[in-house]
Amino acid sequence: MLRVVNLGAEVEGTPILNHVNLYIKEGQTYVLFGPNGNGKTSLLMTLIGNPSFKITYGRIIFKGQDINDLSTDQRVKMGMGISFQYPPKVSGLKLIDMLFNCAKQSGTDPSKIYEYAQMLNMEKFLNRSLNVGFSGGEVKRSEVLQLLTLNPDLVLFDEPDSGVDLDNIAIIGSAVGDLLDRKKNKDDRKKSGLIITHQGHILDYVDADYGLILYKGMVACVGDPYDMLDEISKKGYEGCVEKCLKGFQNSIKT
Amino acid sequence: MPERIPKLDKDIKDKLEKVGIEMDKEKRSAIFLQVDQNVETSSSFASGVEMIGIKQALGKYDWLHDYYWKVVSKDKDQYTKEVDVEDVNGYFIRSLPGTKVDFPVEACLYLKSPKKQKVHNIIIAEENSELNIISGCASHPGLTTGMHLGISEFYVKKNAKLSFTMIHNWETNIEVRPRSAAIVEDGGIYISNYIIMNPVKIVQSYPTVHLNGDNSTAIMSSIIVAMDNSIVDTGSRVIIKGKGSSAEILSRAISKGGTIYSRGDIVGDSPDAKGHLECMGMMLSEQGSIIAIPELEAKHPNVDLSHEAAIGKIAEEEIFYLMSRGFTRDEATAAIVRGFLDIEIKGLPIALKKKIDEAINLVERELI
Ligand SMILES: Nc1ncnc2c1ncn2[C@@H]1O[C@H](COP(=O)(O)OP(=O)(O)O)[C@@H](O)[C@H]1O
Ligand SMILES: [Mg+2]
């Protein structure tokens, strides 16, 4: 589904991603951990093609095609989708109109919109301007609602569970599970995902396949996401990364 | 166009249709059309609404002279003086006490010849009535020069509600100088919506609303798009005299090469006056300019007046956000501009809301 090969990227001339390699197969979900300011959001922005993030070297291959030069909307039309950590407010553009657009893009039956909105407890917000006056949890639910309607094949989630209370995490987690085919048998899963999380609450609802730690713009560790979360909570990021890098250096030596 | 106005030239009909002037009596409670100085059509289909030419009205009602040149003063400036002439024309619209008419009234002023059009209108919403007016002003295609001078005097009586939606559709060579003012009595509500999105040479107006009555309200909204070389200098002033009265002035201005002066003034002249002024501007071109001039004046310690003004270009972050949902750059820009222009206008009938949407639709393509 997605292959990131030795990717480097910068924002306003400052390097923020260094030699990132990543391979997500169809049906797989990855979790991305890492301390604040280490490039997690930047990686997602580079993958989706935010024009502020410039690729300096390496390649992004999506569905077998090099997409380095494609604009964001072209990537989305190919089947990528993203939920933002902090999406902007768009005053005057109603959530419902955004959802109609998403449904049109994906060929989703517009009547589904109301079903999804109900699922995410967002019916009351359909006629409100996008993100204007939404609380933290409402923003996250609105993001996931848009993704359900857009129905992408590769879904990138930037901290869908941050600042969200436990009831809402259950609602969001269930929807993320749907989006990533996690409720299906392993062999029937078609959707792929990359989820950024700090506390890992979302992992109570979404069983991810692999975990990564992004450290100083580099992928420092790869492993079982649940073990990783456990280690992070015990040793902190620094401890984990130290251990991984040691293993990494050993593997280079041998 | 219905058979009501068969004697109109085809090109006038076409233009009226193009700018969306609705003359269908199934959809309007009354219609009025003036071409240059001549009243072509003036009729009401609803018992609660009176709609006649101003000359006829002045002949019919002696008392109307008490309303004529009352809230706008004759010698305010050179343009008001110019309208004080024999061949002035215009409309008289009045909703009778206690009546509420479902359909809006349509009043259209059309400039066909390259002379000065001089108009004097009087609008009265009698006690406990509700009156919704949509007024379109347009000029003839290809008119190389022309000027529209219009006096409008509005009277909102006790507990009446009057909404006046003005959509301007001029051409590049036309100069437009309306002079309007309103008096609102106890419990009255005056809603004004002013929309101009087509090229024009110059528009200059600064209507004043006098909230003389207690618990009276004024909501003044404007949506302005100035294309290359257009100068639009407009705003609203509300003078709050009545107790418990409040004013809101909202404007959205987009410059696509034109110059916009977006003015607003709220005078708090009652002990508990409340007012808010909001002026947002968006620059869509390297040319042109937007100048926001908000003013607030408090004459008592407890008045509550505020203003908010911001001018900028369209936010890249918002464009990118919409593109991440599959919008192309142009589609995203259009959706954001549209959202920017979409002011939530309270208390406006759906038919008029639709009208404003249509006006935005018409101009959308030219903006991107
Ligand atoms: N638009 C931007 N302009 C300038 N610097 C940025 C921008 N976005 C991110 N950065 C910088 O890039 C680094 C990585 O940030 P980010 O990817 O947001 O981290 P994370 O999501 O892991 O917390 C930080 O130092 C941040 O300040
Ligand atoms: Mg982040």
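Conventions adopted
Numbering of residues begins from 1 in every chain and follows the order in which that chain's sequence is written. All chains are assigned letters beginning with A, and all ligands numbers beginning with 1, in the order in which they are written. Two thresholds apply to this predicted model, a pLDDT of at least 70 for residue-level local features and 80 or more for giving and counting side-chain atom pairs, whereas whole-chain, interface and lining totals are computed over all residues. Side-chain measures were taken over the full set of non-hydrogen atoms in the model, leaving aside hydrogen atoms and water. Here a strand is any run of E in DSSP of at least two residues, a helix any run of H or I of at least four, and the numbering for each starts at the N terminus. Throughout, radius of gyration means the C-alpha value; the globule benchmark is 2.2 Å times the number of residues raised to the power 0.38. Relative accessible area decides the class of each residue, using a 1.4 Å probe on protein chains only: under 20% of the type maximum gives buried, over 50% gives exposed, and in between gives partly exposed. In this description, contact between two residues means that some pair of their heavy atoms is separated by no more than 4.5 Å. Only the protein chains shown count as covering a residue, and every accessible area follows the Shrake-Rupley method with a 1.4 Å probe. Working convention for charge: Lys and Arg count positive, Asp and Glu count negative, and His plus the chain ends are omitted. Charge placement uses NZ in Lys and CZ in Arg. For Asp and Glu, CG and CD serve respectively. Note on terminology: near, applied to a residue and a molecule or strand, indicates that one of the residue's heavy atoms is within 4 Å of it. A 3.5 Å cut-off defines polar contacts: any pair of N or O atoms within that distance qualifies, except that in protein one atom must be a possible hydrogen donor and the other a possible acceptor, and neighbouring residues in sequence count only when both atoms are side-chain atoms. For this classification, Asp, Glu, Lys and Arg are treated as charged, while Ala, Val, Leu, Ile, Met, Phe, Trp, Tyr, Cys and Pro are nonpolar and the rest, including Gly, are polar. Defined in terms of a 1.4 Å probe, buried area is the accessible area two parts forfeit on being brought together, summed over both. A side-chain nitrogen of Lys or Arg and a carboxyl oxygen of Asp or Glu constitute a salt bridge if their distance falls within 4 Å. Grid spacing is 1 Å over the protein atoms alone, the probe is 1.4 Å, and a cavity is where that probe fits but cannot get out, while a pocket is an open set with protein on both sides within 12 Å along at least five of seven lines and lining residues have an atom within 4 Å of a point. Grid points are joined across faces, edges and corners, and a volume is the space filled by probe spheres set on the points. Here the bounds of each domain stem from an automatic or database domain assignment. Strand pairing follows a simple DSSP-based rule, namely that at least 2 bridges must link the two strands. Only the contacting stretch of a helix is used when fitting its axis, a line to C-alpha atoms as for every element, and angles between N-to-C directions run 0 to 180 degrees. Confidence scores here are pLDDT values: one per residue, from the predictor, ranging 0 to 100. Excluding water, the donors of a metal are its N, O and S neighbours within 2.8 Å, or within 3.2 Å for Na, K and Ca, and that exclusion means sites may look incomplete.

**Student:** With reference to specific residues and values, describe the overall build of chain A.
**Tutor:** Counting secondary structure elements, chain A contains seven helices and 12 strands. Over its C-alpha trace chain A gives a radius of gyration of 18 Å, about what one expects of a compact globule, namely 18 Å for 254 residues. By principal-axis analysis of the C-alpha atoms, chain A measures approximately 60 × 40 × 35 Å. Counting the 254 residues in chain A, one finds 54% classified as buried. In chain A, the share of contacts with a sequence separation of at least 24, taken over all contacts with a separation of at least 6, comes to 68%. In the form shown here, chain A has an accessible surface area of approximately 11,300 Å², with 49% of it arising from carbon and sulfur atoms. Positive and negative side-chain charges of chain A, numbering 29 and 31 respectively, have mean locations separated by a distance of 3 Å.

**Student:** Describe the site of ligand 1, with residues and values.
**Tutor:** Residues and elements named next belong to chain A. Near ligand 1 the following residues occur: Val11, Glu12, Ile16, Pro35, Asn36, Gly37, Asn38, Gly39, Lys40, Thr41, Ser42 and Phe53. With respect to ligand 1, the backbone of Asn38 contributes an N or O atom lying 3.2 Å from an oxygen atom. Protein contact buries 61% of the 560 Å² of open area that ligand 1 shows by itself. Counting residues per element, the shell around ligand 1 draws most heavily on helix H1 (residues 40-48), at three residues. Of the residues contributing to the shell around ligand 1, the split by class is four nonpolar, six polar and two charged.

**Student:** Provide a residue-level description of the interface of chain A and chain B, including the pertinent values.
**Tutor:** Tallying the contact residues gives 31 residues for chain A and 15 residues for chain B. Across the chain A to chain B interface the summed buried area is about 1,800 Å²; carbon plus sulfur atoms make up 64%. For the salt bridge of B:Arg325 with A:Glu143, the shortest nitrogen-to-oxygen distance reads 2.6 Å. Scanning the region where chain A abuts chain B turns up nine residue pairs in polar contact (both at pLDDT 80 or more). The element that contributes the greatest number of residues to the side of chain A that touches chain B is strand S7 (residues 90-94) of chain A, accounting for five residues. Of the residues belonging to the side of chain A that touches chain B, the class tally is 16 nonpolar, 10 polar and five charged.

**Student:** Account for empty space enclosed by the protein, with residues named and values stated.
**Tutor:** Over the atoms a probe the size of a water molecule is rolled, and this reveals where empty space is left. Residues and elements named next belong to chain B. Applying the stated rule across the entire model yields two cavities of 30 Å³ or more. In terms of lining residues, the largest cavity is bounded by 30 residues, among which Met166, Ser180, Tyr194, Ser205 and Pro207 are the most central. Counting residues per element, the lining of the largest cavity draws most heavily on strand S8 (residues 146-156), at five residues. When its volume is computed, the second largest cavity comes out at roughly 40 Å³. Around the second largest cavity, the lining residues are Val19, Gly20, Ile21, Glu106, Ile134, Ser135, Gly136, Ile167, Asn169 and Lys355. Among the secondary structure elements, those contributing two or more residues to the lining of the second largest cavity are strand S7 (130-139) and strand S9 (161-169). Considering every element that reaches the lining of the second largest cavity, the biggest residue donor is S7, with three residues. Split into classes, the residues belonging to the lining of the second largest cavity amount to four nonpolar, four polar and two charged.

**Student:** Explain the domain arrangement of chain B to me, and be specific about the residues and the numbers.
**Tutor:** All names here are of chain B. Assigned domains within chain B: domain 1 (10-313) and domain 2 (314-368). Surface buried jointly by domain 1 and domain 2 totals about 2,400 Å² across both partners, of which 73% is contributed by carbon and sulfur atoms. If you sort the residues of domain 1 by the area they bury against domain 2, Met197, Arg252 and Met282 come out on top, with a joint share of 20%. Inspection of the domain 1/domain 2 interface yields zero salt bridges. Our count for the domain 1 to domain 2 interface comes out at two residue pairs in polar contact (both at pLDDT 80 or more). Elements with a contribution of two residues or more to the side of domain 1 that touches domain 2: S7, S9, strand S11 (189-196), strand S14 (217-227), strand S16 (246-256), strand S18 (274-283) and strand S20 (304-313). Sorting elements by how many residues they give to the side of domain 1 that touches domain 2 places S16 first, with six residues.

**Student:** Could you give me a rundown of the sheet that holds S18(B), with the residues and numbers involved?
**Tutor:** Residue and element names in this part refer to chain B. Ordered by their spatial adjacency, 10 strands build an open sheet running S2-S1-S5-S7-S9-S11-S14-S16-S18-S20, and the pairing between neighbours is mixed. If you trace the sheet from one side to the other, it starts and ends with strand S2 (38-44) and S20, each paired once. For this sheet, the mean angle separating the axes of adjacent strands, direction not counted, is 5 degrees. On the sheet, helix H1 (residues 10-18) packs against strand S1 (30-35), strand S5 (105-111), S7 and S9 and is oriented at approximately 125 degrees with respect to S5.

**Student:** Which residues make up the environment of B:Glu106, and what values do they have?
**Tutor:** Residue and element names in this part refer to chain B. Considering the arrangement of structural elements, one finds Glu106 in strand S5. A relative accessible area of 1% means that Glu106 is categorised as buried. Glu106 has contacts with Ile21, Glu22, Arg28, Ala30, Ile31, Phe32, Met51 and Ile134, leaving out every residue within four places of it along the chain.

**Student:** I'd like to hear about the confidence of the model for chain B, residue by residue, with values.
**Tutor:** Fine structural detail should not be taken from predicted coordinates in areas where pLDDT scores are low. The predicted model of chain B averages 91 in pLDDT, with 97% of residues at 70 or higher. Helix H6 (residues 350-367) of chain B is the least confidently modelled element of chain B, averaging 75 in pLDDT, while strand S13 (residues 208-211) of chain B averages 98, the highest of any element.

**Student:** Tell me about the coordination of the magnesium ion (ligand 2), and name the residues and values.
**Tutor:** Put simply, a metal with four donors set out as a tetrahedron has ideal angles of 109.5 degrees, and one with six donors set out as an octahedron has ideal angles of 90 or 180 degrees. Distances from the magnesium ion (ligand 2) to its protein donors, namely A:Thr41 (OG1) and A:Gln85 (OE1), fall within the range 2.0 to 2.4 Å. Highlighted residues: A:Thr41 in helix H1 and A:Gln85 in the loop between strand S6 (80-83) and S7, separated in sequence by 44 residues.

**Student:** Account for the pattern of salt bridges, with residues named and values stated.
**Tutor:** Applying the stated criterion to the full structure yields 36 salt bridges over all chains. When the shortest N-O distance is used, the salt bridge between A:Asp207 and A:Arg189 registers 3.7 Å. In this pair, A:Asp207 is assigned in the loop between strand S10 (192-196) and strand S11 (210-215) and A:Arg189 in the loop between helix H6 (166-179) and S10, connecting sequence segments 18 residues apart. A:Arg189 gets classed as buried once you look at its relative accessible area, which sits at 9%. The shortest N-O distance in the salt bridge between B:Glu50 and B:Arg94 comes to 3.1 Å. Of this pair, B:Glu50 sits in strand S3 (residues 49-53) while B:Arg94 sits in strand S4 (residues 91-95), and the two are 44 residues apart along the sequence. Judged on exposure class, the residue B:Glu50 and its partner B:Arg94 are both buried.

**Student:** Please set out unusual backbone geometry residue by residue, giving values where relevant.
**Tutor:** Keep in mind that most residues, glycine aside, have a negative phi and that most peptide bonds are trans. One non-glycine residue, A:Asn121, lies in positive phi territory at about 60 degrees. Relative to the helices and strands, A:Asn121 is located in the loop between helix H4 (111-119) and strand S8 (129-130). By relative accessible area, which is 44% here, A:Asn121 ends up partly exposed. Positive phi, normally seen in glycine, also occurs at B:Trp69, with a value near 55 degrees. Mapped onto the fold, B:Trp69 is located in the loop between helix H2 (54-60) and helix H3 (78-83). Judged by relative accessible area, which is 13%, B:Trp69 ranks as buried.

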